[in-house]
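# Architecture at a glance
Each chain, letter by letter, is given below.
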Amino acid sequence: MSHKATAPELVCPAGSLPALKAAVDHGADCVYIGFRDNTNARNFAGLNFDESNAREGIRYAHNKGKKVLLALNTYPQADNWERWQGAVDKAAKLGMDAVILADIGLMRYAVKNYPDLRLHLSVQGSATNYEAINFFHEHFGISRAVLPRVLSLPQVEHVVKNTPVKIELFGFGGLCVMVEGRCALSSYATGESPNTCGVCSPAKAVRWEHTAKGLESRLNGVLLDRYNDTESAGYPTLCKGRFEVGNETYYAIEEPASLNTLALLPEMQLMGIAAIKIEGRQRSPAYVAQVTKVWRAAIDACQRAPDSFIVNPEWMAQLSSVAEGQQHTLGAYHRPWK
Amino acid sequence: MKISLGPILYYWEREAIFKFYEEIAATAVDIVYLGETVCSRRHNLRHDDWLSVAEKLASAGKEVVLSSQALLESESDLKILRKLADNDQFSVEANDMGAVHLLTGRLPFVIGPHINVYNSPALSLLAETGAKRWVMPVEMSRGMLHKMQLEKPANMETEVFAFGRLPLAFSARCFTARHHNLPKDDCQFRCLDYANGLTLNTREGQPFLVLNGIQTQSASVYNLINELVEMNEMGVNIVRISPQAWHTTKIIEQFWQSLNNPDTAQKCMQQLAKWMPDKGCDGYWHGKAGLEQSTGITAQ
């Protein structure tokens, strides 16, 4: 690599005002947040922002030259359209730097009423190819799209080359192996899904039970996993359970592991990725601080000297301490992944 | 109401597919959706093969729609999509916004079940791009559909996925290859071994999901044969039956009988139970968890 490409923006999660401040203080370029209801895909009790918190968060970030993005990335439904419309109104009034949308109906509303409001296509919009992204660009003038975590790196590069829309990639955090916006597993088991309610495997449907066979986790009665005394039990997300297929019991869909693409940073930078997203609005301010700090250092190091960039073992150790299942994966970016 | 047959979601042998559609041509089904929607590695039939099946079905009086792949990852996926969009004979079912982009301004097209349409402003926008019909997302309830029906654009036809294992998710990962410890790009076409998918059970032996390559389906069979009268009243135009490896023609027959003589619905439902690969479910329609079953149908 001979030339210095522009460093990607670091986009960090905040489920609360303290998390937002932690992200800003530790080097985020942008922080993304959601309102406290089902208009965003992390609709968890005790998380997210009301109008006053959001105003304070924007003030804090703007004072330090950072941006705040609002995730409005669930799908409004026939009987509650007004709530999403109201959230767009609020975002514009508060002066959000961009809204991250998935629904085409809501995008049209935003463009029509707030032509200066910057629009990003959410990962929940399920756009995995440039023809889809260009549809959103032509109809709504979106300026950035977040890609679902299903493409290999060469496929990502092909998208970047064929669209005027800037591309944001997931860099770190919990890994969803399903194409975001195209997964109804949660509503199949519980009635609530990311698209409709902003939740996956909602906590209210989870039951833990100590039995003679071990600690069992159930989702609306469906046995997701059973742990022996030596195993640590994670949050029972439906696709991370152990099931029986044929005569085998294993993680048939996904192991509990975190996506971590630090090693791919030079390639991502060279192909012109505009932003790298860190997952985890449901995580603590300490998590946000730790992950933001490491990624800031890595992006800066890569920007200074992409040719000689190596992943500092200290960074990996710090990320491992907060990673899900203490395991890392390059996910689909790395093709032989299975 | 008309009956449609959705695209084959599994990977079947070439001869089995030809034979299947020969039988379908003789059934009462009105609309047939053709093509590979799940995996780009499945190509026992090529574009021209699908067109020849389409022509045969059309000459048997069926409306034929060519379905597009739901997850488009590479330029070769887009190449296949462009071929579909460029055909000026049959309308196309778009299962991705990339397909909507390429189909805009061409023949009227169908919004497939894998495009997220949950509200009427979204549906209106798609109508402006040239959509003539939409297939309701599988997780939508009758209550939501009722509201959509009241607000939907004029002349927009509504189709409901009414029978078959529910297509619930698409992934970067091929779960069938993973089960055989093979990489996705060297899957050795193991899906050919599972004509109705590969069942995933809980550790209590309860059938829960079905692995179908990069697609995950419900193990239970969504069955809305009991709801046809209500759908008719709501102005639903088409009910979709999703093909399974066995008994599909008999299932079509039961739906046809039930539509034409609603008094026989209960009897038809009992008949269907004999041919389903697993127990039934109808939770989504009733606004509940998809796997729930309210009408007491069981597999035999």
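An unreviewed UniProt entry lists chain B under the name Ubiquinone biosynthesis protein UbiV, with Sulfurirhabdus autotrophica given as the organism. Among the UniProt annotations of chain B, the heading Subunit (unreviewed entry) holds the following wording: "Forms a heterodimer with UbiU."

If you look chain A up in an unreviewed UniProt entry, it shows as Ubiquinone biosynthesis protein UbiU from Sulfurirhabdus autotrophica. UniProt, in the comment section headed Cofactor (unreviewed entry), describes chain A in these words: "[4Fe-4S] cluster". What UniProt states about chain A under its Subunit (unreviewed entry) heading is, verbatim, "Forms a heterodimer with UbiV."

## Some thoughts on the interface of chain A and chain B
Contact residues are listed per partner, giving 69 residues for chain A and 67 residues for chain B. For the pair chain A and chain B, the summed buried area comes to about 6,000 Å², and 56% of that belongs to carbon and sulfur atoms. For the pair chain A and chain B, the interface holds seven salt bridges. In this structure, Asp96(B) and Arg182(A) form a salt bridge, with 3.0 Å as the shortest nitrogen-oxygen distance. Where chain A packs against chain B, one counts 41 residue pairs in polar contact (both at pLDDT 80 or more).

## Some thoughts on the pattern of salt bridges
This structure, assessed with the given rule, holds 38 salt bridges over all chains. Salt-bridge contacts for Glu93(B) lead to Arg240(B); the nearest nitrogen and oxygen are separated by 2.5 Å. Taken together, the residues Glu93(B) in strand β4 (residues 91–94) and Arg240(B) in strand β11 (residues 238–241) connect sequence positions 147 residues apart. Taken individually, Glu93(B) and Arg240(B) each receive the classification buried, so the pair is uniform in this respect. One salt-bridge network, in which partners are shared between bridges, spans Glu9(A), Lys67(A), Arg144(A), Glu168(A) and Lys277(A).

## Here we look at unusual backbone geometry
Here the phi dihedral of Asn220(A) falls at roughly 45°; this positive angle occurs in a residue that is not glycine. Tracing the backbone through its elements, the reader meets Asn220(A) in the loop between β10 (214–219) and β11 (222–227). Note on Asn220(A): relative accessible area 35%, which makes it partly exposed. Its identity is not glycine, yet Asn181(B) carries a phi of approximately 60°, on the positive side. Taking relative accessible area as the criterion, Asn181(B) reaches 53% and is therefore assigned exposed.

Reading guide: rules and limits
- In this convention, every chain numbers its residues from 1, walking through the sequence in written order.
- Chain A is the first chain written and ligand 1 is the first ligand written, with later ones labelled in order.
- Only residues with pLDDT of at least 70 are given local features in this predicted model, and only at 80 or more are side-chain atom pairs given and counted; all residues enter the totals for whole chains, interfaces and linings.
- Side-chain numbers come from the whole structure's heavy atoms, not from hydrogens or water.
- UniProt positions are given in the numbering used here, feature names are shortened, and annotations may be inferred rather than shown by experiment.
- Any pair of residues with heavy atoms lying within 4.5 Å of one another is described as a contacting pair.
- Summed over both partners, buried area is the accessible surface (1.4 Å probe) that two parts give up on being assembled.
- Here, a salt bridge means any side-chain nitrogen of Lys or Arg that lies within 4 Å of a carboxyl oxygen of Asp or Glu.
- Distance and chemistry together define a polar contact, namely a pair of N or O atoms within 3.5 Å, with one atom able to donate a hydrogen and the other to accept it when in protein, and with adjacent residues in sequence counting only for side-chain atoms on both sides.
- Here a helix means four or more residues in a row that DSSP labels H or I, a strand means two or more in a row labelled E, and each is numbered from the N terminus.
- Think of it in three bands: residues with accessible area under 20% of the maximum for their type are buried, residues over 50% are exposed, and the middle band is partly exposed, with areas taken using a 1.4 Å probe on protein chains only.

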